[in-house]
Amino acid sequence: MRISLKWLQELVDVAMSPEELAETLTMAGFEVEEIEDRRPWASGVVLGKIIACGQHPNADKLRVCQVDVGSSEALNIVCGAPNARADIYVPVAVVGTYLSTIDLKIKPAKLRGVPSEGMICSLAELGLSKESAGIHIFDLENPELGSDIRPLLGLDDVILDLTATANRADALSMVGVAREVAALTGASLRIPAANGVAIEGKESPGLAVEISEPQGCPIYIGTAIEGVKIAASPAWLQQRLQAAGVRPINNVVDVTNYILLEWGQPLHAFDRDRLQSFTGTQDINIGVRFASSGESFKTLDGQNRNLQAQNLLITASDKPVALAGVMGGEDTEVHEGTQNLVLEAAIFDQATIRRSARAQGLRSEASIRYERGVNQAALTTACNRAVALILELAGGTATVQKTSRSGEDLSFSRSLELRLDRVNLVLGQLKRGETGGSKYLEPEEVKNILTALGCEVVSTEKERVFAITVPPYRYRDLEREIDLIEEVARLHGYDNFCDTLPSKTEPGYLSPEYAAIRNVRSAFRAAGLTELMHYSLVKTEGDNQVVLANPLFVEYSALRTEMLSGLIDAFQYNLEQGNGALNGFEVGRIFWKDGDAMKEADAVAGIIGGDPTVWKWQQGGRDRPLTWFEAKGVLESAFQELGLSVEYQSDSSNTRLHPGRTAALSLNGKHLGVFGQLHPQLQQEKDLPEQVYVFQLDLAVLLGELGRSNNLTRKFAGYSSFPASDRDIAFFAPVEVPVVEMQSAMKKAAGSLLDSVELFDEYRGDNVPAGQRSLAFRLVYRAGDRTLSETDVEPAQQKVRDVLVEKFGVSLRS
């Protein structure tokens, strides 16, 4: 919010310089992002009067003016403004003046042969507008020629661009900032008076207020004002609005904006005659309800809004006339011919206005304040002050005021207990310096700080415990004891507390779980995969998805139930952008619904595809599809790096994967995940390479195995210095028997002498029985203490043969 220092000084005595005030506010939690000092913009510019204006002898578009600036002789100034004429009061930059906004220093000059001793200025040259059609003309009753024009234009001011945290809704008003400055500096506070407004109650069309959504709008005040005259606002009001970054419109609208800035209370003025014409009735019934399906209306920005069910509306005879708490309607806005008004002052629910504004993609100064929460206790004060200002600036009479309240208890006070021992425990010792005194805050110090904030502080029967009554304007902010402790620290000054370290410090370390996750990431990167990261938010597509109640976009309306879709889309996108195949993995979280319960789990997923070769001259420049075994080898290398032995079983349950090239992975009997080739139909739909492989693993199972004692520390085993003895075995085996099961059976049958089992040949075709395949394995035997003989190896090899025949029914070939 832009804070005018000149306006602020009317509310609180500020003796600090702008820089000191900015530093004080920033250290108290209100960051001042910029200090805009307007005083240098027109330094040296004075009030003058054009006493004569004639045509330039050598230029059609220039005029030669005689300007009286209160000195002994009039200045001769050449001016090119089309509105320059005699007997007007204007801002004059005399010789030697520096106009900082346009980086120009005024010097004596000759323009087309005529001397010029200054410059008559426009508002653009003084930094008050981007463009100006001509010089600025003052409308003054008792002008003092030669006086400084800065007070006349509001340029004797400094603007602080202040940012308040989301919990401090009160800081979005001048009164709120003034209260904060008074609490920080101990200065006197002057809150603007808002006396009761006399309601005439003469004969006039009826006005009624009915709230059908009391939760969305607990309080609504409607005030009818007749006989107003729409005109430009006085200079002081326009200057205050401009300093705050608000464009002046007319006296009525400017008053509503002024109260918005002063009290943080949004208001809206309707044209009463337009309301009557719009509804077709003389009696106006103001209502508050949610929008119905298919409704629409045009807002003040000229856009036709298609309303949604979460949009809270202000209605007249059930017809929408405003988007409650966000923006009014174009059909009932105040205009130059407006004579009668209905002034709205209301409290709207924070969450309701936030949803409504977001649904329309529309944020206004009003919605920003309602979203954070306005001071409900100040509603009547702000409304009465607005009515009084309208009557003062636009004339008219307040004839009717109707208020509708919900039946709920609208108490704006809250009582909290504050333990002084808890305050000192949380905040610690003070930097007292040479002044001495207690190392901790004294009860009187705490009481003075909270009293300065507007709290009522009373001692209780409990020792060193205060009963705190929170002021209404901090009702939404101060909810717990820790909030009060934070306020004590903030006002006393964070710099005034000692910097202390814990008495016992330890070096930081990674938890075993996080260290294991790092190892997993490192293993997959070492296998040649790039680590990826996607949003956990996806479109709503399945029944078991966790759907967000208030999504930002339709594309991000639910949480993902699996990670493969994001990886496939990323793979496709990189191909379309000419970046080649994206072989990557991601560690993330998935979410799903199990009945009414919501569950989540961590997972590791990856995608592998494309031609692994770099130079393709041996392939005639064509891509070679990645084989199933090559992709499996990438995954196996990661498992090997982690020291895990993963088993593969045929699986066809996942409809997105190839039914004959998909495996279910298990680790020590626990289901680990799935690995397989994308289904050809999905591959064609996504226009992907011929063979692309994906995997998704349960990270909890992976970490559980890595956390076992035998995996925490790798053990060194000595290498055998004796030669190995290898044997080959070939046989016909049924196609449905997995190789992994046969390998496991062979290892178990051969015993400790068997060092490794490797499949080196598979054949299907001629001379192989139907429904079978020819497999050949190489078994390597080795001992660490001797060279094995035939009598050592042959019994173990025979056990292998026997188990293969008995368990799997193979036909031995060798």
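Residues numbered from 1 in each chain as written. Predicted model: local features only at pLDDT ≥ 70, side-chain atom pairs only at ≥ 80, totals over all residues. Heavy atoms only, no water.

Caption draft 1: Main features of the sheet that holds strand S26 (residues 465-470). Spatially, 3 strands are ordered S24-S26-S25 in an open sheet, and the strand pairing comes out antiparallel. For this open sheet the edge positions go to strand S24 (414-419) and strand S25 (456-459), each flanked by a neighbour on one side alone. The sheet shows a mean angle of 25° between the axes of neighbouring strands, direction not considered. Relative to S26, S25 runs antiparallel, the two being bridged by 4 bridges. Bridge assignment links Val 458 to a residue of S26, and that residue is Ala 467. Taken strand by strand, helix H11 (residues 420-427) contacts S24 and S26, and its axis lies near 65° from that of S24. Together, S24 and S26 form the strand contacts of helix H13 (residues 481-492), whose direction differs from that of S24 by roughly 70°. (Pairing = 2+ DSSP bridges. Helix = DSSP H or I, 4+ residues; strand = E, 2+ residues; numbered from the N terminus. Axes fitted to C-alpha atoms, helices over the stretch in contact; angles between N-to-C directions. Contact = heavy atoms within 4.5 Å.)

Caption draft 2: Just the packing of aromatic side chains, in detail. As enumerated under the stated definition, the model contains 11 aromatic pairs in all. Taken together, a centroid distance of 4.9 Å and an interplanar angle of 5° make the contact between Trp 7 and Tyr 258 stacked. Taken together, the residues Trp 7 in helix H1 (residues 5-11) and Tyr 258 in helix H6 (residues 251-263) connect sequence positions 251 residues apart. An identical accessibility class is assigned to Trp 7 and Tyr 258; each is buried. With centroids separated by 5.1 Å and ring planes inclined at 75°, the aromatic side chains of Phe 348 and Tyr 370 adopt a geometry described as edge-to-face. Within this pair, whereas Phe 348 is found in the loop between strand S22 (341-347) and helix H8 (350-360), its partner Tyr 370 is found in helix H9 (residues 365-372), the two being separated by 22 residues in sequence. Both residues of the pair, Phe 348 and Tyr 370, count as buried. Feature note: the residues Trp 628, Phe 629, Phe 675 and Tyr 693 constitute an aromatic cluster, connected by ring pairs. The side chain of Arg 179 reaches across the aromatic face of Tyr 473, ending 3.8 Å from its centre. (Phe/Tyr/Trp six-rings, centres within 6.5 Å; stacked < 30°, edge-to-face > 60°. Buried < 20%, exposed > 50% of the residue type's maximum accessible area, 1.4 Å probe, protein only. Lys NZ or Arg CZ within 6 Å of the ring centre and 35° of its normal.)

Without other data, these values stay purely geometric and don't point to any function.
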